[in-house]
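Structure at a glance
In case you want the letters, here they are:
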Amino acid sequence: MTLKTILLSACSALALAGMASAETLTIATVNNGDMIRMQGLTEDFTSKNPDIQLEWVTLEENVLRERVTTDIATSGGQYDIMTIGNYEVPIWAKQGWLTELSGLGDNYDIDDLLPAIRGGLTVDGKLYAAPFYGESAMIMYRTDLFEKAGLEMPESPTWEFIADAARKITDRDADINGICLRGKAGWGENMAFITALTNSFGGRWFDENWQPQFDQPEWKEALQFYVDLMKDAGPAGASSNGFNENLTLFQQGKCGMWMDATVAASFVSNPNDSTVADKVGYAIFPSKEGVDNHGHWLWSWNLAIPASSQKAEAAQKFIAWATSKEYTELVASKEGWANVPPGTRTSLYENEEYKKAAAFAEPTLAAMNAADITKPSVKPVPYTGGQFVAIPEFQAIGTNVGQLFSAVVAGQSSVDDALAQAQSATVREMTRAGYIK
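Under the annotation held in an unreviewed UniProt entry, the chain carries the name Sorbitol/mannitol transport system substrate-binding protein and is attributed to Pseudorhizobium flavum. Under the Subcellular location (unreviewed entry) heading, UniProt states for the chain: "Periplasm".

What follows is the structure, given as structure tokens:
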């Protein structure tokens, strides 16, 4: 055997040994734009951490929630990192299902996280997930269509104004829908919007004794308003549309207005993706006339480590990278400041380059600061949560109610029937769970 052959064999052996010793992190995430972008930039992480490989499981929002909930509740161990919301984090942490993030590194600057976002991910003073992006909800609207119709968006719009404007700018012949709203069933899809809507109408999910409130006039008024508006000014097939579907419609110029997560602003204003990028205005989430409530939507998509993972140290390295200020700067260098993940760090909203590039930065921060998840309704409630109710049972209850309401939008049921079924089913579930004696 020649010296060259020996050296080549040794190098090959070392390479194979390196591959064998590398840890593979399996990451479950949602199929939205910011997460897809992150996957495209992970070479920056793996080049700095050659001993860690990444395997992605990218799923539609409802499917992701179902899969990760099943896995973590059964200690299945399929995933080392999960993308979950601020609904799941405190509930799962209290169950002992999540690993504390105590190893994010000295340079992570945890105190830079926005207090409202950090607070929702902290249990007993310990951080159990790191926010990839945060959001509230706001109106995104076509300034050109408003101008054509002689309309001016108020600083604090009411639902009455929004409904009138939506009907005025609807142009079926031009394939322009006056408004696009979530209709796809799911506690985090249509019920996120409808809950915020009902909050803004003065409604609540439960009274102080945990009695469901679907038989109260606020729910009837809010749901009827939503269904009528979708019928008169919404897109065809609205019962199948969630965040991603409505984003596509707006980018294609087929929505005059869209009420949804503030994170969408960077996508509707990106000229590479949106045909109406230079014609978008922003306003605070509406309230019903006479009701001082703008929905109180507050959400974050976060990276967390299930307690079943045996690779917590490597997982924390990745989470620290993906949610760091340095990652934000990486996205800015590749995609521009307007496209960085928003809503998690104070420093971002102090960054002059970001404020200059992102016309939506100020309204996004204002919307997030206005959201008070401790008081989601103008009426007293025994729960916290803006567009959700922070109890373990809500995931199943919200999904069931979401299916009932989606069927109304699809023309398969009536508002009265859906509310009656929602009331009886939720009373039954809350009684079974011990909330109602």
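A separate point is the nonpolar core. Residues Phe193, Trp205, Met257, Met259, Phe318 and Phe405 are the most contacted members of the largest nonpolar core, which totals 145 residues. It is helix H10 (residues 217–233) that provides the largest number of residues to this core, a total of nine residues. The residues that make up this core include at least three from each of domain 1 (23–135 + 299–368) and domain 2 (137–297 + 384–433).

As for its position among the elements, Gln310 is in the loop between strand E10 (299–304) and helix H13 (312–322). By relative accessible area, Gln310 is classed as exposed at 72%. Within the structure, Gln310 has its side chain in polar contact with the backbone oxygen of Ser308 (distance 3.3 Å).

So, about the domain arrangement of the chain. Under the domain assignment used here, the chain contains domain 1 (23–135 + 299–368) and domain 2 (137–297 + 384–433). Look at where the C-alpha atoms of domain 1 and domain 2 centre, and you get two points 26 Å apart. Taken together, the contact pairs 26 residues of domain 1 with 28 residues of domain 2. Taking both sides of the interface into account, the surface hidden between domain 1 and domain 2 amounts to around 2100 Å²; carbon and sulfur atoms contribute 57%. A per-residue breakdown of the area domain 1 buries against domain 2 is headed by Tyr87, Glu135 and Phe360, which together make up 30% of the total. Seen at the junction of domain 1 and domain 2, the total is one salt bridge. Between Glu60 and Lys184 there is a salt bridge, and its shortest N-O distance comes to 3.5 Å.

Moving residue by residue along a regular strand, the side chains alternate between the two faces of the sheet. With six of its six residues buried, strand E7 (residues 137–142) lies for the most part within the structure. The alternating pattern of E7 places Ala137, Ile139 and Tyr141 and Met138, Met140 and Arg142 on opposite faces, both of which are buried. Bridge count between E7 and strand E9 (residues 280–284): five bridges; the pairing is antiparallel. For Ile139, the partnering residue across the bridge sits in E9 and is Ala283.

What follows deals with the sheet that holds E10. Strand order in the open sheet formed by five strands is E2-E1-E3-E10-E6, with mixed pairing between adjacent strands. Lying at the two open borders of the sheet, with one neighbouring strand each, are strand E2 (52–59) and strand E6 (130–135). With strand direction ignored, the average angle separating the axes of adjacent strands in the sheet is 20°. For strand E3 (residues 81–85) and E10, the ladder comprises four bridges, and the chain directions are antiparallel. Within E10, the position partnered with Met82 by the bridge is Ala304.

Bringing the side chain of Asn177 into the picture now. Residue position: Asn177 is located in the loop between helix H8 (159–169) and helix H9 (190–200). Residue Asn177 is classed as buried on the basis of its relative accessible area of 6%. Here Arg172 takes part through its side chain, which lies 2.8 Å from a polar atom of the side chain of Asn177. A distance of 2.9 Å separates a polar atom in the side chain of Asn177 from the backbone oxygen of Lys254. For Asn177, the contacting residues outside a window of four places in its chain are Thr170, Arg172, Ala233, Gly234, Pro235, Lys254, Cys255 and Gly256.

We now examine the sheet that holds strand E8 (residues 257–261). Ordered in space as E8-E7-E9, the three strands form an open sheet in which the pairing is antiparallel. Sheet topology places E8 and E9 at the edges, where each strand pairs with a single neighbour. The mean angle between the axes of side-by-side strands here comes to 30°, regardless of whether they run parallel or antiparallel. Along the sheet, H8 makes contact with E7 and E8, crossing E8 at roughly 130°. Along the sheet, helix H11 (residues 243–251) contacts E7, E8 and E9; its crossing angle with E8, the most-contacted strand, is approximately 145°.

Conventions adopted
- Every chain's residues receive numbers from 1 upward, in the order its sequence appears when written.
- Only residues with pLDDT of at least 70 are given local features in this predicted model, and only at 80 or more are side-chain atom pairs given and counted; all residues enter the totals for whole chains, interfaces and linings.
- Heavy atoms throughout the structure, all of them, feed into the side-chain values; hydrogens and water do not.
- UniProt positions are given in the numbering used here, feature names are shortened, and annotations may be inferred rather than shown by experiment.
- Note on terminology: a nonpolar core comprises buried Ala, Val, Leu, Ile, Met, Phe, Trp, Tyr and Cys residues joined through side-chain atoms within 4.5 Å.
- Summary of the burial criterion: residues with accessible area below 20% of their type's maximum are buried, those above 50% are exposed, and those between are partly exposed, where the area comes from a 1.4 Å probe applied to protein chains only.
- Only DSSP runs of H or I covering at least 4 residues are called helices, and only runs of E covering at least 2 are called strands; the numbering of each starts at the N terminus.
- The split of the chain into domains comes from an automatic or database domain assignment.
- Whenever two N or O atoms come within 3.5 Å, that pair is a polar contact, provided that in protein one can donate a hydrogen and the other can accept it, and provided that, for residues adjacent in sequence, both atoms are side-chain atoms.
- Any two residues whose heavy atoms approach within 4.5 Å at even a single point are treated as in contact.
- Accessible area, probed at 1.4 Å, shrinks when two parts are joined; the buried area is that loss added up over both.
- Salt bridge criterion: a side-chain nitrogen from Lys or Arg within 4 Å of a carboxyl oxygen from Asp or Glu.
- Pairs of strands are assigned from DSSP output, requiring at least two bridges between the strands.
- Interaxial angles span 0 to 180 degrees and are taken between N-to-C directions of axes, which are lines fitted to C-alpha atoms, for helices over the stretch in contact.

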